[in-house]
Amino acid sequence: MPENQLGGQQVLYLPEGATRLLGRDAQRTNIAVGIAVANAVKSALGPKGMDKMLVSDLGDITITNDGATILEEMNVEHPVAKIMVDIAKTQDKEAGDGTTTVVILAGELLRGAGELLEQGVHPSTIIKGYKIAAEKASEVLHETSKKVESSDSSILQKIAMVSMGSKNVGSDDTKAALSKIVIKSVEQVMDKDARGNAYIDRDLIKVEKKAGGTVGDTTFISGVLIDKEIAHPGMPKSIKSAKIALLDLALEIEKTEVDAKIEITSPDQMQAFLQQEERMLKDMVEKISRAKATAIFTQKGIDDVAQHFLAKSGILAVRRVKKSDMEKLSKATGARIVTSLDDLSEKDLGYAGLVEERKISGEQMTFVEDCKNPKSVTIFIRGGTQQVVDEAERSMTDVIGAVSSVIEDGKFVLGGGATEVDLADKLRSYANTIGGREQLAIQKFADALEIIPKVLSESAGMDAIDTLVQLRNRHRSKDGTVYGVDIFRNAIGDMNKLGVYEPLRIKEQAIYSASEAAEIILRIDDMISSKGKGPAGGAPGGMPGGEAD
Ligand code: ADP
Ligand code: MG
């Protein structure tokens with residue numbers, strides 16, 4: 001018999017001050033926390049969603065409409081709240097957009113589960129039903145989604161606009177211009193995987209930002225923008241048709257770790273010693289000029305003397321460049337990163353039409369642009385204040401995610417809640433074919449999906465119930481499944497005509513992640529917290545406006 005078992009009875013020794021919640025109490029509390037977290041982000045959904053202002057301990061202000069950011073900045077403490085934050089992060093990573101949606105959906109699945117639990121349905125039945133429903137939903141999504149070619153820029157543009165639509169980044173014209181920039185960037189870095197499918201490494205699109213100007217001044221750079229100045233004032237500030245060397249080495253004389261003592265007894269010796277050092281540095285620079293490089297970027301430092309020699313040879317140099325930027329420079333210019341100068345030859349060099357230092361809002365930045373077919377590019381975001389550029393950056397990364405997902409999968413669905421109403425409808429019919437109590441869970445799943453059109457219509461000031469009833473009726477009529485919430489006309493409308501398109505992946509990932517989160521949370525029937533407060537407190541720690549309803 002294991003020592004913690006007495007006559008089949010499990011014995012747990014709890015630390016002093018620990019609290020414990022069991023069975024239904026644990027489930028009830030956790031469900032309430034999950035719903036509270038969802039409520040905290042609800043008002044941010046969609047183009048009419050409101051922004052939240054979050055103030056950190058240090059007084060830093062974030063103004064955002066981004067679900068993942070809101071949750072992250074809220075610093076939630078309750079373990080269930082953390083699970084909700086995690087699904088927003090997963091959504092961000094997998095689909096690049098849809099973070100508010102996934103959290104709202106998870107909250108609603110929990111609410112439905114709570115109702116079933118009260119009716120005496122066992123958690124494992126609910127979990128099973130939710131799993132079946134998620135599978136079926138994904139199947140229906142694939143059937144109803146439409147195909148798009150990566151070359152179809154008009155559809156990509158619509159998807160980009162919808163993704164950007166929910167964040168306040170400027171006028172429609174600005175949004176259209178930004179969408180074009182994102183599409184161009186994604187197309188530029190697009191690659192094919194081993195099976196010949198389109199593949200996009202989103203990290204190859206550098207999003208750089210600097211407060212100043214307006215969001216409309218945001219530009220596409222066909223290369224990499226480095227937030228660093230040129231090392232020495234004597235170096236050229238601008239080089240056309242630059243031949244670029246990328247170095248992962250210091251242009252300095254290595255000071256060895258060993259404590260060496262050099263005994264210098266006369267001024268001549270001192271002179272000789274310095275000359276020796278100078279000669280070594282000069283040698284290094286000569287190797288660079290011999291390779292015919294006209295601009296160098298190094299991850300490490302450059303000694304003052306070496307800078308002087310580089311300047312004399314007319315070579316532009318930037319030092320202490322981040323590793324991630326070095327990799328991007330390599331992808332953009334075609335240069336190989338060299339770790340020893342003895343290896344450096346002309347064939348290691350990359351090319352950029354222009355390398356130039358420019359002063360942006362009082363700070364020097366180095367532009368490496370006009371690269372030939374660069375496999376890494378930059379979107380340089382401008383905007384009136386730091387908050388504006390920060391939110392524009394979040395928006396741009398969402399759009400990069402959305403456009404990349406749709407190019408990789410080649411499939412999109414309708415937004416504005418149209419897809420959710422359709423899925424709910426089909427899941428309800430499907431539920432009737434499933435015997436047993438799982439049927440009840442599938443029905444709850446269908447109800448939960450309808451939270452999206454409900455919240456969207458609420459955000460526009462429409463009556464959520466009326467809108468939902470209209471949508472359900474419309475969906476049952478011929479060709480009615482294209483109907484969703486026309487947020488800007490406060491009515492239901494044809495999402496196809498309005499061009500409200502979203503990547504299939506956003507919806508599919510949201511459905512899977514939300515039901516997974518609900519499952520994890522429902523499985524818990526014993527919560528032990530060694531902290532005095534902990535889960536028994538019921539309220540999610542440190543959450544503004546996180547009241548359960
Ligand atoms: P998320 O963080 O989940 O992406 P968003 O704030 O971006 O949240 O809102 C996305 C939701 O808004 C989706 O359901 C999408 O279909 C809807 N939406 C976006 N643009 C429109 C529009 N023009 N009309 C109706 N619904 C829209
Ligand atoms: Mg979005």
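Computed from a prediction, not measured in an experiment: that's the story for all the values here.

What counts, and at which threshold
Residues numbered from 1 in each chain as written. Chains lettered and ligands numbered in written order. Predicted model: local features only at pLDDT ≥ 70, side-chain atom pairs only at ≥ 80, totals over all residues. Heavy atoms only, no water. Buried < 20%, exposed > 50% of the residue type's maximum accessible area, 1.4 Å probe, protein only. Helix = DSSP H or I, 4+ residues; strand = E, 2+ residues; numbered from the N terminus. Pairing = 2+ DSSP bridges. Axes fitted to C-alpha atoms, helices over the stretch in contact; angles between N-to-C directions. Expected span 1.5 Å × (residues − 1). Contact = heavy atoms within 4.5 Å. Phe/Tyr/Trp six-rings, centres within 6.5 Å; stacked < 30°, edge-to-face > 60°. Near = heavy atom within 4 Å. Polar contact = N/O pair within 3.5 Å; in protein donor to acceptor, adjacent residues only side chain to side chain. Areas by Shrake-Rupley, 256 points an atom, 1.4 Å probe, with all protein chains shown as cover. Nonpolar A, V, L, I, M, F, W, Y, C, P; charged D, E, K, R; others polar. pLDDT = per-residue confidence, 0-100.

K.L.:
Where do I start with the pairing of strand 23 (residues 526-529) in this structure?
P.N.:
Along any regular strand, the residues point their side chains to alternate faces of the sheet. The side-chain alternation of strand 23 yields one buried face, formed by Met527 and Ser529, and one unburied face, formed by Asp526 and Ile528. As defined by bridge partners, strand 3 (residues 19-22) adjoins strand 23 across four bridges and the pair is classed as antiparallel. Across the sheet, residue leucine 21 finds its bridge partner in strand 23, namely methionine 527.

K.L.:
Explain the sheet that holds strand 18 (residues 377-383) here, please?
P.N.:
Backbone hydrogen bonds are what pair the strands of a sheet, in a parallel or an antiparallel way. Pairing is mixed across the open sheet formed by three strands, whose spatial order is 9-18-10. Edge positions in the open sheet fall to strand 9 (205-211) and strand 10 (219-221), since each of these has one partner strand only. Between one strand axis and the next, the sheet turns through 25 degrees on average, direction left out of account. Examined bridge by bridge, strand 9 and strand 18 share seven bridges and lie parallel to one another. Within strand 18, the position partnered with valine 207 by the bridge is isoleucine 379.

K.L.:
What is the right way to look at helix 6 (residues 153-165) in this model?
P.N.:
Residues separated by three or four positions in an α-helix point in the same direction, a consequence of the helix having 3.6 residues per turn. Between its terminal C-alpha atoms helix 6 stretches 17 Å, which fits the 18 Å expected from 13 residues at 1.5 Å a residue. All of the buried residues in helix 6 are Ile155, Leu156, Gln157, Ile159, Ala160, Ser163, Met164 and Gly165. Along its buried surface, helix 6 packs onto helix 7 (172-189), helix 11 (386-409), strand 19 (411-414) and strand 22 (501-503).

K.L.:
Can you walk me through the environment of isoleucine 104 in this structure?
P.N.:
Note on placement: isoleucine 104 falls in helix 4 (residues 99-118). On the accessibility criterion, isoleucine 104 (1% relative accessible area) is buried. When the C-alpha atoms of isoleucine 104 and alanine 448 are compared, they prove to be 9.1 Å apart, with 344 residues separating the residues in sequence. Setting aside anything within four residues of it in sequence, one finds isoleucine 104 in contact with Ala38, Val41, Lys42, Leu45, Ile451 and Ile452.

K.L.:
How should the packing of aromatic side chains be read in this particular structure?
P.N.:
The geometry of an aromatic ring pair is captured by two quantities: the separation of the ring centres and the angle between the planes. Tallying each qualifying case throughout the model produces three aromatic pairs. Ring centres of phenylalanine 367 and phenylalanine 380 lie 6.0 Å apart, and the angle between their planes is 75 degrees; on these two criteria the pair is classed as edge-to-face. Taken as a pair, phenylalanine 367 in strand 17 (residues 363-369) and phenylalanine 380 in strand 18 lie far apart in primary sequence, 13 residues in all. With a centroid separation of 4.6 Å and an interplanar angle of 50 degrees, the aromatic rings of phenylalanine 412 and tyrosine 501 are classed as tilted. Linking phenylalanine 412 in strand 19 with tyrosine 501 in strand 22, this pair joins segments that are 89 residues apart in sequence. In this structure, phenylalanine 412 and tyrosine 501 share a single accessibility class: buried.

K.L.:
I'm lost on the site of ligand 1 in this one. Help?
P.N.:
Around ligand 1, the surrounding shell holds 22 residues, and the nearest of these are Thr100, Thr101, Ser166, Gly416 and Glu502. A distance of 3.3 Å is found between an oxygen atom of ligand 1 and a backbone nitrogen or oxygen belonging to threonine 99. Within the side chain of glutamate 502, an N or O atom sits 2.8 Å from an oxygen atom of ligand 1. Summarising the interface, the protein chains cover 95% of the accessible area of ligand 1, which totals 570 Å² for the free molecule. Elements with a contribution of two residues or more to the shell around ligand 1: helix 4 and helix 14 (451-459). The element that contributes the greatest number of residues to the shell around ligand 1 is helix 4, accounting for three residues. When grouped by side-chain class, the residues that make up the shell around ligand 1 number ten nonpolar, nine polar and three charged.

K.L.:
Whenever I open this one, the confidence of the model for the protein confuses me. Can you help?
P.N.:
Close inspection of predicted coordinates is inappropriate for parts of the model with low pLDDT. Summarising the model, the protein shows a mean pLDDT of 89, and 92% of its residues fall at 70 or more. Across residues 1-5, confidence stays below pLDDT 50; counting only partners more than four residues off in sequence or on other chains, it has six contacts. For the stretch residues 533-549, pLDDT sits under 50, and the model shows 36 contacts to residues farther than four places along the chain or on other chains.

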